[in-house]
Amino acid sequence: MLETTHETLIAEHELAATPILLTDEEVVRFVIRGYHVVHTDFPRDFHQAIYDKIGRLEQNPGDGILDAVPDLQRIYAHPVVRGALISLLGPNFRMNSHRHCHMNRPGTRSQEWHQDSTNVRHHQVRCVLGMYYPQDVTVQMGPTVVLPGTHFRNAPTDRMASYANFREQVVFDVPAGTVAITHYDIWHAASANTSDKMRYMLKFLFDRTEEPSAPSWNHDPVQAAEAQDRLLFERSIVCSQSDHYKERGLRQEMWRHLLGGS
Amino acid sequence: MPKKKLQRLLYLHAATPSIRSRVIGMALHEPVRNSITELNPLPQEWPYATVHDAILDEWRVVQFPVQLAPFDDREIDILGYEFILEKFEEYDA
């Protein structure tokens, strides 16, 4: 699950704690909306220390951010984060070697809506983003914005260039210590930072390493039966009826895969 | 200062190709140098619930969405149907 002994030692306390797994309802909600937000309960000073340490870096270390700021390992080993990752990716998930510290400086304009990588979408949960915010993020500080349900949409980013705002976009104006776990394919963007404060977002990727053979969350077949009805009837965002019918099918595929089916 | 009429552009993304379906996305481009149109995380006003509402407010549709659906029964891609509307208004030259 974790890459090196050094990193494991740093997060020893967190790893010793029992991971807090998601419920059926939370997993269903992730399938429908494509994200799940958790909050680590470290003291504010801990997040502030991470924020300050990043601020002292002479340059963005790219994939080397974990070496530069080792306490980040504790964030991703926290029981609520690890529990969510186990629930969505299985007990042997792996932290990807690619990670990045996104620095949204004051005065920066918004990004355009995009999906990461190229258009090879499989509609399974094989990779998630873990976006950690070491500072409070106000709406003025250029929060990340996501569009629920779009992890099922296979859209070339240049086809999104004429979009600006969606009625049902979700803004991550969140307190320090929040980790937003999103499906890799969800449409997202950093918005404009109109404040006078730098906004950091640590984006780490986590991969599934094995096919699910059983639910890896806090699964209760009775609750699951109730929750999975939402796959058919709940709207993530307003869209055409024909899109919604297809979305329902894709949700069921994702859910069945997570349950351990084919 | 002299005035001249310039074209405002309004992209409305509607749930279906019908001008009476719900607007789900919007991008307004003002004919002002250095103006920007971008993702705004602040709560916003949505002046038009439908494309029809915008027409009643004197916006003129200049491009309708193409209705040639891919007829793929599994995959979904871009969101909404894009209408482009224009309105000419006077601006300082």
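About the criteria used
Residues numbered from 1 in each chain as written. Chains lettered and ligands numbered in written order. Predicted model: local features only at pLDDT ≥ 70, side-chain atom pairs only at ≥ 80, totals over all residues. Heavy atoms only, no water. Helix = DSSP H or I, 4+ residues; strand = E, 2+ residues; numbered from the N terminus. Buried < 20%, exposed > 50% of the residue type's maximum accessible area, 1.4 Å probe, protein only. Phe/Tyr/Trp six-rings, centres within 6.5 Å; stacked < 30°, edge-to-face > 60°. Lys NZ or Arg CZ within 6 Å of the ring centre and 35° of its normal. Contact = heavy atoms within 4.5 Å. Buried area = accessible area lost by both parts, 1.4 Å probe. Salt bridge = Lys/Arg side-chain N within 4 Å of Asp/Glu carboxyl O. Polar contact = N/O pair within 3.5 Å; in protein donor to acceptor, adjacent residues only side chain to side chain. Nonpolar A, V, L, I, M, F, W, Y, C, P; charged D, E, K, R; others polar. 1 Å grid on protein atoms, 1.4 Å probe; cavity = no way out; pocket = protein on both sides within 12 Å on 5 of 7 lines; lining within 4 Å. Points joined across faces, edges and corners; volume = space filled by probe spheres on them. Disulfide = S-S within 2.5 Å.

Caption draft 1: Quick look at unusual backbone geometry. Within the chain, A:His123 stands out as a residue other than glycine whose phi angle is a positive 60°. By secondary structure assignment, the location of A:His123 is in the loop between strand 2 (94-104) and strand 3 (127-133). Judged by its relative accessible area of 0%, A:His123 falls in the buried class. One non-glycine residue, B:Asn34, lies in positive phi territory at about 70°. Tracing the backbone through its elements, the reader meets B:Asn34 in the loop between strand 2 (23-29) and helix 1 (51-56).

Caption draft 2: A look at the packing of aromatic side chains. All names here are of chain A. Scanning all chains against the criterion turns up 12 aromatic pairs over all chains. Aromatic side chains Phe-166 and Trp-187 sit 6.4 Å apart centroid to centroid with 55° between the ring planes, which places their arrangement in the tilted category. Pair noted here: Phe-166 is in strand 5 (residues 165-166) and Trp-187 is in the loop between strand 7 (178-183) and strand 8 (188-190), with a separation of 21 residues, a long-range link. For the residue pair Phe-166 and Trp-187, the accessibility class agrees, reading buried in each case. Counting every residue linked through ring pairs, the aromatic cluster contains Tyr-76, Phe-93, Phe-204 and Phe-206. Its end group placed over the ring of Tyr-51, Lys-197 keeps NZ or CZ at 4.9 Å from the ring centre.

Caption draft 3: Molecular detail of the interface of chain A and chain B. Chain A puts 37 residues into the contact, and the matching count from chain B is 30 residues. For chain A, the biggest contributors to the area lost against chain B are A:Asn165, A:Arg167 and A:Lys246; these three give 25% of the whole. Where chain A packs against chain B, one counts two salt bridges. For A:Arg109, the salt bridge is made with B:Glu38, and the minimal N-O distance between the two is 3.9 Å. Taken together, the connections running from chain A to chain B amount to 17 residue pairs in polar contact (both at pLDDT 80 or more). Sort the elements by how many residues they give to the side of chain A that touches chain B and helix 10 (residues 241-259) of chain A lands first, with five residues. Among the residues making up the side of chain A that touches chain B, the classes are represented as 18 nonpolar, 11 polar and eight charged.

Caption draft 4: Region of interest: empty space enclosed by the protein. The full count for this structure, using the stated rule, is two cavities of 30 Å³ or more. Taken as a whole, the largest cavity holds about 40 Å³ of empty space. Lining the largest cavity are A:Leu147, A:Phe166, A:Glu168, A:Ile237, A:Val238, B:Ile24 and B:Leu79. Broken down by class, the residue content of the lining of the largest cavity amounts to six nonpolar, no polar and one charged.

Caption draft 5: Seen up close, the environment of B:Lys3. Residue and element names in this part refer to chain B. Along the polypeptide, Lys-3 turns up in strand 1 (residues 3-14). Distance in space between the C-alpha atoms of Lys-3 and Ala-93 is 5.0 Å, their sequence separation being 90 residues. When neighbours within four sequence positions are excluded, Lys-3 is seen to be in contact with Glu-90, Tyr-91, Asp-92 and Ala-93. At 2.9 Å, the side chain of Lys-3 forms a polar contact with the side chain of Asp-92.

Caption draft 6: Region of the structure containing the state of the cysteines. Residue and element names in this part refer to chain A. Summed over the entire model, instances satisfying the criterion amount to zero disulfides over all chains. Free of any disulfide, Cys-101 has its nearest neighbouring cysteine sulfur in Cys-127, separated by 18 Å. By relative accessible area, Cys-127 is classed as buried at 13%.

Caption draft 7: Highlighting the layout of surface pockets. The computed volume of the largest pocket comes to approximately 870 Å³. Lining the largest pocket are 33 residues, with B:Val66, B:Asp77, B:Ile78, B:Gly80 and B:Tyr81 positioned closest to its centre. Elements represented by at least two residues in the lining of the largest pocket include exactly helix 10 of chain A together with strand 4 (81-92) of chain B. At four residues, the largest contribution of residues to the lining of the largest pocket is made by helix 10 of chain A. Within the lining of the largest pocket, the residues separate by chemical class into 16 nonpolar, eight polar and nine charged. Roughly 250 Å³ of volume is contained in the second largest pocket. For the second largest pocket, the lining is made up of 15 residues, of which A:Asn165, B:Glu38, B:Leu39, B:Asn40 and B:Gln44 are closest to its centre. Per-element tally for the lining of the second largest pocket: the top contributor is strand 2 of chain B, with three residues. Here the residues of the lining of the second largest pocket sort into nine nonpolar, four polar and two charged.

Coordinates in, geometry out; function isn't part of it.
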